[in-house]
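# Coordinate inspection notes
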Amino acid sequence: MSTENFQKQLKIDLHSHTQLSDGQLSPEELIARAHTMQVDVLAITDHDTVAALESAHAFQSKQNRPLTIVNGVEISCSWHGFDIHIVGLNIDPAHSNLNKFLANQADIRHDRAIKMGEKLVKCGFDGVTEKALALAGKGQVTRAHFARVLVADYHVASMDKVFKKYLGKGKRAFYKARWPEIKNAVAVIQQAGGQAVLAHPAHYDMTTKWLRRLVNDFREANGDAIETVFPGIAADKRQIINELAKEHNLLASAGSDFHFPSRWTELGRNVQIDDALTPVWHNWNFAHSG
Ligand code: MN
Ligand code: MN
Ligand code: MN
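Residues numbered from 1 in each chain as written. Chains lettered and ligands numbered in written order. Predicted model: local features only at pLDDT ≥ 70, side-chain atom pairs only at ≥ 80, totals over all residues. Heavy atoms only, no water.

## Quick notes on the packing of helix H2 (residues 27–36) against helix H3 (residues 53–60)
Between H2 and H3, the least distance of the axes is 8 Å, while the angle of their chain directions is 50 degrees. On the basis of the axis angle, H2 is oblique to H3. Our pair here, H2 against H3, has a crossing hand that is right-handed. Contact with H2, carried on its side by Pro27, Glu28, Ile31, Ala32 and His35, involves Ser55, Ala56, Phe59 and Gln60 of H3 and no other residues of that element. Of the residues contributing to the contact of H2 with H3, the split by class is five nonpolar, three polar and one charged. (Axes fitted to C-alpha atoms, helices over the stretch in contact; angles between N-to-C directions. Helix = DSSP H or I, 4+ residues; strand = E, 2+ residues; numbered from the N terminus. Parallel < 35°, antiparallel > 145°, perpendicular 65-115°, else oblique. Left-handed = near helix turned anticlockwise from the far one by under 90°. Contact = heavy atoms within 4.5 Å. Nonpolar A, V, L, I, M, F, W, Y, C, P; charged D, E, K, R; others polar.)

## Considerations on the pairing of strand S6 (residues 225–229)
In terms of burial, S6 is largely enclosed, as five of its five residues are buried. Two elements, strand S5 (residues 195–198) and S6, share two bridges in a ladder whose sense is parallel. Along S6, the bridge assignment pairs Val197 with Ala225. Once you follow S5 into helix H9 (residues 208–220) and on to S6, the crossover reads as right-handed. Relative to strand S7 (residues 251–254), S6 is paired through four bridges, and the arrangement is parallel. Paired with Glu227 across the strands is Ser253, a residue of S7. Tracing the backbone out of S6, into helix H10 (residues 235–247) and back to the parallel element S7 gives a crossover that is right-handed. (Buried < 20%, exposed > 50% of the residue type's maximum accessible area, 1.4 Å probe, protein only. Pairing = 2+ DSSP bridges. Right-handed = clockwise from strand over helix to strand, strands pointing away.)

## Quick look at H3
Because an α-helix completes one turn every 3.6 residues, residues spaced three or four positions apart along the sequence face the same direction. Residues of H3 that are buried: Leu53, Ala56, Phe59 and Gln60. Seen along its axis, H3 keeps its buried residues to an arc of 130 degrees; they face one direction. The inward-facing, buried residues of H3 contact H2, strand S2 (41–44) and strand S3 (68–79). (Arc of directions from axis to C-beta.)

## Thoughts on the packing of helix H6 (residues 143–153) against helix H7 (residues 159–167)
Geometry of a packed helix pair, given as the angle between the helix axes and the separation of the axes. Across the interface, H6 lies against H7 with an axial gap of 9 Å and an inter-helix angle of 110 degrees. Between H6 and H7, the angle falls in the class roughly perpendicular. Note on packing geometry: the crossing formed by H6 with H7 is right-handed. For the pair formed by H6 and H7, the contact residues are Arg143, Ala144, Phe146, Ala147, Arg148, Leu150 and Val151 on the first element and Met159, Val162, Phe163 and Leu167 on the second. Of the residues in the contact of H6 with H7, the class split is nine nonpolar, no polar and two charged.

## Some points on the side chain of His15
With respect to the helices and strands, His15 occurs in the loop between strand S1 (12–13) and H2. Within polar-contact distance, the side chain of His15 engages the side chain of Glu74 at 2.9 Å. A polar side-chain atom of His15 sits 2.7 Å from a polar atom in the side chain of Glu227. With near-sequence residues (within four places) excluded, His15 lies in contact with Ala43, Thr45, Glu74, Val87, Ala199, His200, Glu227, Gly255, Ser256, Asp257 and Phe258. (Polar contact = N/O pair within 3.5 Å; in protein donor to acceptor, adjacent residues only side chain to side chain.)

## Things to note about the coordination of the manganese ion (ligand 1)
The coordination sphere of the manganese ion (ligand 1) contains the protein donors Asp22 (OD), Asp22 (OD), His47 (NE2) and His259 (NE2), at a distance range of 2.1 to 2.7 Å. The sequence motif formed by the donor residues of the manganese ion (ligand 1) is D-x24-H-x211-H. Here the manganese ion (ligand 2) and the manganese ion (ligand 1) are spaced 5.4 Å from one another. Highlighted residues: Asp22 in the loop between S1 and H2 and His47 in the loop between S2 and H3, separated in sequence by 25 residues. A relative accessible area of 13% means that Asp22 is categorised as buried. Given the relative accessible area of 7%, His47 is considered buried. (Donors = N, O, S within 2.8 Å, 3.2 Å for Na, K, Ca; no water.)

## Things to note about the environment of Val271
Its place among the elements puts Val271 in the segment after S7. C-alpha separation for the pair Val271 and Asp13, spaced 258 residues apart in sequence, amounts to 6.4 Å. Aside from chain neighbours lying at most four places away, what touches Val271 is Lys11, Ile12, Asp13, Val229, Ala254, Gly255 and Ser256.

So, to be careful, I would describe these as geometric facts and stop short of saying anything about function.
Structural data, given as structure tokens:
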């Protein structure tokens with residue numbers, strides 16, 4: 001069997017979250033679920049933190065079934081008024097520049113949390129920030145933490161409602177954070193030995209014209225790969241993204257963007273990339289996956 005055929009049989013999921021950002025499973029629970037779902041290669045890509053990786057590896061080292069854990073991160077960037085996510089794969093989580101960069105991201109997140117909290121007070125919700133920060137614990141605080149607090153303690157009907165009414169882009173308690181530029185995120189990922197991947201390119205609520213411009217700028221910033229498979233991608237968008245990957249000579253990545261078990265997302269589900277594309281893992285060494 002050729003190496004290529006062997007790799008095609010692996011279930012490879014390169015985008016997932018834990019409780020250290022806005023996921024709902026602990027690192028251990030995430031790894032256990034990857035085993036249940038027969039995933040062979042899993043990237044843990046929490047928002048602006050690598051804090052889940054150590055416990056995930058420690059837990060995996062005690063398992064009988066092989067699983068390759070890819071050290072990852074999902075970095076928030078600002079680009080022409082859009083919040084863009086850049087995933088780093090196979091980064092060294094101990095790299096000092098990366099850790100300085102992520103410490104700055106944590107500051108931006110904390111500042112955003114305070115600002116959102118102030119706006120929520122004006123909407124009649126007092127004390128949400130403290131609860132959201134407590135819920136996030138040692139992980140990165142996200143809008144999802146605010147949403148969970150509002151649903152649990154302030155009688156807002158659902159997470160969906162929180163975003164539609166308060167925390168979504170342009171809504172009453174939305175605060176636009178000033179994230180770093182894409183090129184800085186790409187650079188720090190690559191300094192830390194990783195590959196930079198443009199995350200879920202169909203999820204930025206932009207026209208195809210803007211999407212083309214984004215992919216072009218990402219390539220010019222020396223980006224390595226683009227997610228061509230992710231949840232909720234429509235067939236026409238998928239076609240466009242496949243073509244953009246080819247046009248710009250970008251490697252293709254795939255991930256479930258798993259946050260918690262639901263009807264819509266599951267680890268390792270629908271992660272097959274188009275045969276005509278070169279996978280981001282084409283030169284990885286899967287020796288540890290057995
Ligand atoms: Mn998330
Ligand atoms: Mn994202
Ligand atoms: Mn994500």
